[in-house]
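Architecture at a glance
Letter by letter, the chains look like this.
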Amino acid sequence: SFFATPFVVLLPFYVEGSLRAPVDWYGFILAAFGVGSLLGFVLAGVASLRGQKRATVLIVVMLLDAVFYGLLAPVRTPVLALVMATLAGLTGGFVTVNITTLLQLGTPTEMRGRVFGLLSTIAGSVTPIGTGLSGIVADLTGKRIPLIFALSALALFAISAILATNRDIRAFLA
């Protein structure tokens, strides 16, 4: 969530400066993230993935999530940005449901409340930090939003690649 925050925070500047689109497109693209997430949630619910197949699919989808976010950087067409936002939402939603489910299944019942309380606290803490830093970085770079989007997506991809190469993470996902 830390590296995904810039995409939402800086979206109005992206629509105005990079896409040169009317302000309505901010709402359309923001809605596309939401619709994509909803589709990802549904897809995660109907997909029957188990074992190594699940691990492989989740790793690929995590990497694709970063790619779809990253493809927003060079895009200058509002409709194409809408497609990328929908796909980023879809992949993010799919991963979120699967990882949350795996964490619930892998956490002993008596520890689940504490584990998820800690995870919520961490996630709730890094998001505002990412939000604030996004604004600072935007100011320091002269609102070079595509550059910020590209670097954030690169960080997301690097984290996903590191997770993909970790044997323990792959075993957990399986």
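All of the points below concern the structure found in this document.

Conventions and cut-offs
Residues numbered from 1 in each chain as written. Predicted model: local features only at pLDDT ≥ 70, side-chain atom pairs only at ≥ 80, totals over all residues. Heavy atoms only, no water. Helix = DSSP H or I, 4+ residues; strand = E, 2+ residues; numbered from the N terminus. Rg over C-alpha atoms; globule rule 2.2 N^0.38 Å. Buried < 20%, exposed > 50% of the residue type's maximum accessible area, 1.4 Å probe, protein only. Contact = heavy atoms within 4.5 Å. Areas by Shrake-Rupley, 256 points an atom, 1.4 Å probe, with all protein chains shown as cover. Core = buried A, V, L, I, M, F, W, Y, C linked by side-chain atoms within 4.5 Å. Polar contact = N/O pair within 3.5 Å; in protein donor to acceptor, adjacent residues only side chain to side chain. Expected span 1.5 Å × (residues − 1).

Turning to the overall build of the chain, a few remarks are in order. Within the chain one finds 8 helices and 0 strands. Walking the chain from its N terminus toward its C terminus, one meets helices and strands in the order α-α-α-α-α-α-α-α. Against the compact-globule benchmark of 16 Å for 174 residues, the chain has a radius of gyration of 17 Å, which places it among compact chains. Looking at the chain as a whole, 34% of its 174 residues qualify as buried. Across the chain, every contact between residues at least 6 apart in sequence was considered, and the portion connecting residues at least 24 apart equals 78%. Counting every atom, the chain has about 9,500 Å² of accessible surface; 71% of that belongs to carbon and sulfur.

Of all hydrophobic cores here, the largest spans 28 residues; its most connected members are Y14, L19, I29, F33, Y69, L72 and F149. Those elements that place two or more of their residues in this core are helix 2 (11-18), helix 3 (24-46), helix 4 (51-71), helix 5 (78-106) and helix 7 (145-165). Here the element with the most residues in this core is helix 7; it accounts for 5 residues. In this view, F33 contacts L11, Y69, L72, A85, A88 and G89; residues no more than four positions away in its chain are not counted. Core analysis: the second largest hydrophobic core is formed by 12 residues, I59, F94, A164 and L173 among them.

This next bit is on the environment of T100. Within the secondary structure, T100 sits in helix 5. Here the alpha-carbon distance between T100 and F3, two residues 97 residues apart in the chain, equals 19 Å. In terms of polar contacts, T100 uses its side chain to reach the backbone carbonyl oxygen of T96, at 2.7 Å.

It is worth spelling out the side chain of T107 at this point. Here T107 shows up in the loop between helix 5 and helix 6 (109-140). The exposure class assigned to T107 is buried, which follows from its relative accessible area of 9%. Among the polar contacts listed, one links the side chain of T107 to the backbone oxygen of L103, at a separation of 2.5 Å. The contact partners of T107, leaving out residues within four places of it in the chain, are R112, V115 and F116.

Moving on: helix 5. Across its 29 residues, helix 5 extends 41 Å between first and last C-alpha, which sits within 8% of the 42 Å expected from 1.5 Å per residue. Contacts from the buried residues of helix 5 go to helix 2, helix 3, helix 4 and helix 8 (167-173).

Mapped onto the elements of the fold, R76 is located in the loop between helix 4 and helix 5. Taking relative accessible area as the criterion, R76 reaches 42% and is therefore assigned partly exposed. Residues R76 and R20, 56 residues apart in the sequence, show an inter-C-alpha distance of 7.9 Å. Filtering out sequence-adjacent residues up to four positions away, R76 remains in contact with S18, L19 and P146. Reaching out from R76, the side chain makes a polar contact with the backbone oxygen of A73 at a distance of 2.7 Å.

Worth remembering: the numbers are spatial, not functional.
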